[in-house]
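Architecture at a glance
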Amino acid sequence: MQIHDASITRLIERIGEHYRTNISNRFIRPALLQLPFDNQSWDLMEDLTEKVPSQTLHLDELYREIVAAAHFAAVVRRELVPGLRNRISRDPSSSDKVLRDMAVNNFASNLQVFADLVNELFVKLVEADKADAKGHVPLYTTMPDLANVGRLLVGG
């Protein structure tokens, strides 16, 4: 199923912008790349966060990308957030010290905003999936990986 809902497209754009600005920025990215996260999941994260507005959106692909984003949020919350300050380069001569400190200090809340946006996307896609099913089984019910998405995103 292709997605043609403008609100979903805008939400995906917001997710990508938030991810690039607040999660995978120049201060945090080096620590992210050290996480135990497989290449396929990184590729799916990139697919979700780098979409162009004119790109055709397919429901099954978006669901796989959401699963990767949910696992990403859980891994980052567990592996990176507790010791982020110790993993970030502290070049004392850096003129970006204030920006780096802001990125580190706000990272946990920015990660939660990312997770909330991904969860909002998931809810909208499930609603569209149900509406499109018309007597058939909605796609999300056939994808077992989606069962844990909500729990992974809220941090449970």
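Report on the accompanying structure.

Quick notes on the rules
- Residues numbered from 1 in each chain as written.
- Predicted model: local features only at pLDDT ≥ 70, side-chain atom pairs only at ≥ 80, totals over all residues.
- Heavy atoms only, no water.
- Buried < 20%, exposed > 50% of the residue type's maximum accessible area, 1.4 Å probe, protein only.
- Helix = DSSP H or I, 4+ residues; strand = E, 2+ residues; numbered from the N terminus.
- Arc of directions from axis to C-beta.
- Contact = heavy atoms within 4.5 Å.
- Core = buried A, V, L, I, M, F, W, Y, C linked by side-chain atoms within 4.5 Å.
- Salt bridge = Lys/Arg side-chain N within 4 Å of Asp/Glu carboxyl O.
- Polar contact = N/O pair within 3.5 Å; in protein donor to acceptor, adjacent residues only side chain to side chain.
- Axes fitted to C-alpha atoms, helices over the stretch in contact; angles between N-to-C directions.
- Parallel < 35°, antiparallel > 145°, perpendicular 65-115°, else oblique.
- Left-handed = near helix turned anticlockwise from the far one by under 90°.
- Nonpolar A, V, L, I, M, F, W, Y, C, P; charged D, E, K, R; others polar.

Moving on, we get to helix H6 (residues 97-105). Those residues of H6 not exposed but buried are Arg100, Ala103 and Val104. Angular distribution of buried residues about the axis of H6 spans 95 degrees; they occupy a single face of the element. Looking at the buried positions of H6, the neighbouring elements they touch are helix H5 (84-87) and helix H7 (107-133).

Right, let's get into the nonpolar core. In a soluble, globular protein the nonpolar side chains are often hidden away together inside. Counting 49 residues, the largest nonpolar core has Ile28, Leu32, Phe72, Leu80, Phe114, Leu121 and Leu125 as the members making the most contacts within it. At 13 residues, helix H4 (residues 59-80) tops the list of elements feeding residues into this core. Apart from the residues within four sequence positions on either side, Leu121 is in contact with Ile8, Leu11, Ile12, Ile15, Leu48 and Ile66.

As enumerated under the stated definition, the model contains 8 salt bridges in all. Across the pair Glu17 and Arg20 runs a salt bridge whose closest N-O atoms are separated by 3.4 Å. Of this pair, Glu17 and Arg20 both sit in helix H1 (residues 6-23), 3 residues apart, which is roughly one turn of the helix. A relative accessible area of 45% places Glu17 in the partly exposed class. For Arg20, a relative accessible area of 35% gives the class partly exposed. Among the ionic pairs, Arg64 bridges to Asp60, the shortest N-O distance being 3.8 Å.

For Arg77, the location among the structural elements is in helix H4. As for Arg77 and Ala108, which are separated by 31 residues in sequence, their C-alpha atoms are 7.6 Å apart. With residues up to four places along the chain from it excluded, the contact list for Arg77 reads Pro82, Leu111, Gln112, Ala115, Leu152, Leu153, Val154 and Gly155. At 3.4 Å, the side chain of Arg77 and the side chain of Gln112 are in polar contact.

Leaving glycine aside, a negative phi is the common case for residues, and trans is the common case for peptide bonds. Even without glycine at this site, Lys134 takes up a positive phi of about 40 degrees. One can find Lys134 in the loop between H7 and helix H8 (149-154).

Interaxial distance between H1 and H7 falls to 10 Å at its minimum, and their mutual angle equals 160 degrees. The angle between H1 and H7 falls in the class roughly antiparallel. Helix-helix and strand crossings are classified by hand; for H1 and H7 the assignment is left-handed. Here Ser7, Ile8, Leu11, Ile12, Arg14, Ile15, His18, Tyr19, Asn22 and Ile23 of H1 come into contact with H7, specifically with Phe107, Asn110, Leu111, Val113, Phe114, Leu117, Val118, Glu120, Leu121, Lys124 and Leu125. Each residue belonging to the contact of H1 with H7 can be placed in one class, and the counts come to 14 nonpolar, 4 polar and 3 charged.

It is worth stressing that arrangement in space is one thing and function is another; only the former is reported here.
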